[in-house]
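# Understanding the architecture of this molecule
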Amino acid sequence: MDRYERHLQHLEAALPHLDPTAVQALLKRGEAVLVDVREPDEFAAAHIPGALNLPRFRLEARIETAVPDPAARLILYCGSRGRSTLAAATLRDMGLDAMVLKGGLRAWEEAGLAVEGAK
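About the cut-offs
Residues numbered from 1 in each chain as written. Predicted model: local features only at pLDDT ≥ 70, side-chain atom pairs only at ≥ 80, totals over all residues. Heavy atoms only, no water. Salt bridge = Lys/Arg side-chain N within 4 Å of Asp/Glu carboxyl O. Helix = DSSP H or I, 4+ residues; strand = E, 2+ residues; numbered from the N terminus. Pairing = 2+ DSSP bridges. Contact = heavy atoms within 4.5 Å. Axes fitted to C-alpha atoms, helices over the stretch in contact; angles between N-to-C directions.

Turning next to the pattern of salt bridges. Scanning the entire structure with this criterion turns up eight salt bridges. Two residues, Glu5 and Arg81, come together in a salt bridge whose shortest N-O distance is 2.8 Å. Highlighted residues: Glu5 in helix H1 (residues 3–14) and Arg81 in the loop between strand E4 (73–77) and helix H5 (82–93), separated in sequence by 76 residues. When the shortest N-O distance is used, the salt bridge between Arg73 and Asp97 registers 4.0 Å. In this pair, Arg73 sits in strand E4 while Asp97 sits in strand E5 (residues 97–101), placing the two residues 24 residues apart along the sequence. Via salt bridges that share partners, Glu5, Glu12 and Arg81 belong to a single interconnected network.

Take a look at the structure:
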């Protein structure tokens, strides 16, 4: 196992992860903000309806403008797990309530949930 994978596993152990069904329920009740941390071209190809696209590269600098409520529950996702895990760990270090959609967009699609985009 390489260092990156060990680092991801270490972060994952400390982060809350929610399965697609739990995320969908929170979104329906308006209890969370969904953030897609992939690049704009990936987002355009396919994304979860209602998600904000805040790419990982500038997320920390843009999160407070995009989601001004510091108490907001943030659920981050990427294609599967890497970028969203790193992003959620950083946002939690900043004092925000950030968690990860377990399995990312891939798991969402496998659960048969709605996806928008050109895909």
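From this point, the narrative continues.
Turning to the sheet that holds strand E2 (residues 33–36), a few remarks are in order. In sheet architecture, strand pairing relies on hydrogen bonds along the backbone and comes in two forms, parallel and antiparallel. Spatially, five strands are ordered E1-E5-E4-E2-E3 in an open sheet, and the strand pairing comes out parallel. Here the strands that pair on one side only, and so sit at the sheet edges, are strand E1 (17–18) and strand E3 (52–53). As paired elements, E4 and E5 share four bridges and run parallel to each other. Residue Arg73 lies in a different strand from E5, and its bridge partner there is Asp97. H5 contacts E1, E4 and E5 of the sheet and is inclined by roughly 170° relative to E5.

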